[in-house]
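# Descriptive analysis of the structure
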Amino acid sequence: METGIVVVEKVAGKSTVTRCFCKCPLKLIIPTKVGFPNTDAVWIYTLSYGGGLVSGDSICCAITVGDGCTTVLTTQASTKVYKSVGSKCSEQFLEARVGGSALLAVIPDPVTCFSTARYSQKQVFRVTSDSSLLIVDWLTSGRHENGEKWDFEFYKSTNNIYLEGDRPLFLDSVLLEQGSCSSIAERMQDYQVIAMVILMGPQLKHLQTQVQGEVKKIMSTQFYAPGMKRKSEHCQIKPALIASCSAFGPKSVGVVVRIAAMTTESVYTFLRHQLASMEPLLGASPYC
Amino acid sequence: MNSKCESLHHSSQEPQSESDNSNSPMEYDIEPCGRSRNTTPANNLLFWTQCQLLDSILPTGGFAHSYGLEAAIQAHIISGPEDLKTHAIHVLENTGSLLLPFVYTANRSPDMETWSRLDKMLEATLTNEVSRRASVSQGSALLRVAATVFSEVPSLKNMRDALLVSRTLSFHHAPVFGLVCGLVGIDSETTQRAYMFITLRDVISAATRLNLVGPLGAAVLQHQIALVAEEMVQKWMDRPVEEACQTAPLLDIVQGCHGYLFSKMFSS
């Protein structure tokens, strides 16, 4: 049962919300003035009552982006997942259909799971061969300034992209569970943030090449083979931000960037910088 | 080894029987005379096949891959044998959660249709280019070797010939491994454990060549980790591919950086 439904279609040549429904614990806000007035993009903010999800909350949202439309789905602040009561899990589902020549940008703030929290998220995107998609999915270790580092019980995030119906194009699930063999903190070492950025489709082709080049440039100074001359002492400690890019899909239709970082702010800076060229398409620069 | 593997000539059409008793605690029972009850000529032969499939001498190119170890060393995430142990455990955990479902499903239904579906799914699941390429190169090598070596299983060669024609397939390692083991008659539990074994084998072997640990130290480490590895086999075996997931995202990010290394010994 959906708690949110949005349909965006072309009306008189402009991307327009033709249907919008939401109910507790989800609230959708669709401001009409985001960025330049002459850009054809709909911005949708998803809000939850109380700034986060309490144990047992379940949000299920369906969004349809019609042919040729541009839609941005974002949040106003990080999604907090509060402590779990018993073994109850908080859940969010998103099912998105992106039409031909349409662009959907899902650019939320990170998910922050408090200690003992249990959270599961699944996002399914159904695209055509000329749809464009920008997805940012990220997670922090918790209230790490308070000492809660990777202290939640369970986190699962699935992002699946299917092409023309049921052809799997990108299937990704990350599961972090306090385990018998190793704790989450052990697996994450000193890193406090894990992020993934997916760039796909013709409208983001240029950005894909640009991000691949930039990430390569950033990372090439971070690796030193044993015995190689080091420029300075700081090269002997692990990098504060690690990023890697991979192309995926037939004819490398998409690029996925995965990031691990020691601070949330460094990932905001990275995203702001890398996605700045989206501004003409979306009417405003992501994460500004 | 289990008793259903009477024959090496296991037909590809024959589904793995419901009576698969691989989980039976009796399988290692020793007869009073001290001989294993499974000592039949077919089982003896199967032992040789198993050993050969797990031997690092089998030319599938496993030695070319470090499973992210080389990148992790150069990023200073790993600096000594203790870190190596942690790394190997994380590699195993990720292999268990992400790849064992593919090994399992291919092994239980070693037919072309299942295998093609798994191969396409894994192509979409391995979103990290470095590990995707490593999987494809090892998978195609294993299928080539197996089709040539196990000539008593004609379906292996027939299948390879048929698959080579199709251009939409990638030959990923985990489903090929499951398929080959299924066709030569290795039960699914042994197959999944074997897959974890070769993963550990390759990480440890890469570590010695990267001079992180000596050959004797490596052997000690391999034996120690076996305990943890077995726990992971128990945790992740027999799962459907829909449940396949990453459990060590940091590892995946670091491995993805392999292409950025200025000088490298391994291809992944």
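Placed above this text is the structure.
Note that the structure is predicted; figures quoted are calculated from it, not measured.

### With respect to the sheet that holds strand β1 (residues 4-11) of chain A
All names here are of chain A. Taken in spatial order, the seven strands line up as β2-β1-β6-β9-β12-β14-β15 in an open sheet, and their pairing is mixed. The two strands at the open ends of the sheet, each matched to only one other strand, are β2 (14-22) and β15 (167-177). Neighbour-to-neighbour, the strand axes of this sheet turn through a mean angle of 10°, independent of strand direction. Relative to β2, β1 runs antiparallel, the two being bridged by eight bridges.

### Concerning a nonpolar patch on the surface
Residues and elements named next belong to chain B. Residues Leu45, Phe47 and Trp48 make up a contiguous nonpolar surface patch of roughly 380 Å² in combined accessible area. With respect to the helices and strands, Phe47 occurs in helix α1 (residues 41-54). Judged by its relative accessible area of 43%, Phe47 falls in the partly exposed class.

### Some thoughts on the nonpolar core
Counting 172 residues, the largest nonpolar core has A:Leu134 and A:Ile161 as the members making the most contacts within it. When residues in this core are grouped by element, the largest group, nine residues, is from helix α9 (residues 188-209) of chain B. Contact partners of A:Leu134, with chain neighbours within four places excluded, come to A:Leu104, A:Ala105, A:Val106, A:Ile107, A:Val197, A:Ile198, A:Leu199, A:Leu204, A:Leu275 and A:Met278.

### A word on the packing of helix α5 (residues 112-125) of chain B against helix α7 (residues 154-165) of chain B
Residues and elements named next belong to chain B. Their axes nearest at 12 Å, the elements α5 and α7 cross at an angle of 45°. Looking at the two axes, α5 sits oblique to α7. Two packed elements cross with a definite hand, and for α5 against α7 that hand is right-handed. Note on element contacts: α7 touches α5 through Met159, Ala162 and Leu163, opposite Met112, Trp115 and Ser116. For the contact of α5 with α7, the per-class residue count stands at five nonpolar, one polar and no charged.

### A short note on helix α3 (residues 264-274) of chain A
Residue and element names in this part refer to chain A. Burial in α3 covers these residues: Thr264, Val267, Tyr268, Phe270, Leu271 and Gln274. Burial along α3 is one-sided: seen end-on, the buried residues are contained in an arc of 160°. Against the buried residues of α3 lie β13 (132-140), β16 (193-200), α2 (205-219), β17 (241-248) and β18 (254-261).

### Topic: empty space enclosed by the protein
Within the structure shown, the criterion is met by six cavities of 30 Å³ or more. When its volume is computed, the largest cavity comes out at roughly 320 Å³. Secondary structure elements with two or more residues in the lining of the largest cavity: α3 (81-98), α6 (129-149), α9 and α11 (249-256) of chain B. Considering only residue class, the lining of the largest cavity consists of eight nonpolar, 13 polar and one charged. Estimates place the volume of the second largest cavity at around 180 Å³. Sorting the residues of the lining of the second largest cavity by element identifies β13, β14 (154-163), β15 and β16 of chain A together with α11 of chain B as the ones contributing at least two each. The class makeup of the residues in the lining of the second largest cavity is ten nonpolar, three polar and four charged.

### Quick word on the environment of A:Thr140
Residue and element names in this part refer to chain A. Within the element layout of this structure, Thr140 appears in strand β13. As a C-alpha pair, Thr140 and Ala195 span 55 residues in sequence and 8.6 Å in three-dimensional space. Leave out the neighbours within four places in its chain, and Thr140 touches Pro110, Val111, Thr112, Trp150, Phe152, Gln192, Val193 and Thr264.

About the cut-offs
- Residues numbered from 1 in each chain as written.
- Chains lettered and ligands numbered in written order.
- Predicted model: local features only at pLDDT ≥ 70, side-chain atom pairs only at ≥ 80, totals over all residues.
- Heavy atoms only, no water.
- Pairing = 2+ DSSP bridges.
- Helix = DSSP H or I, 4+ residues; strand = E, 2+ residues; numbered from the N terminus.
- Axes fitted to C-alpha atoms, helices over the stretch in contact; angles between N-to-C directions.
- Patch = residues over 30% accessible without salt bridge, like charges linked within 9 Å, V, L, I, M, F, W, Y side chains within 5 Å.
- Areas by Shrake-Rupley, 256 points an atom, 1.4 Å probe, with all protein chains shown as cover.
- Salt bridge = Lys/Arg side-chain N within 4 Å of Asp/Glu carboxyl O.
- Buried < 20%, exposed > 50% of the residue type's maximum accessible area, 1.4 Å probe, protein only.
- Core = buried A, V, L, I, M, F, W, Y, C linked by side-chain atoms within 4.5 Å.
- Contact = heavy atoms within 4.5 Å.
- Parallel < 35°, antiparallel > 145°, perpendicular 65-115°, else oblique.
- Left-handed = near helix turned anticlockwise from the far one by under 90°.
- Nonpolar A, V, L, I, M, F, W, Y, C, P; charged D, E, K, R; others polar.
- Arc of directions from axis to C-beta.
- 1 Å grid on protein atoms, 1.4 Å probe; cavity = no way out; pocket = protein on both sides within 12 Å on 5 of 7 lines; lining within 4 Å.
- Points joined across faces, edges and corners; volume = space filled by probe spheres on them.

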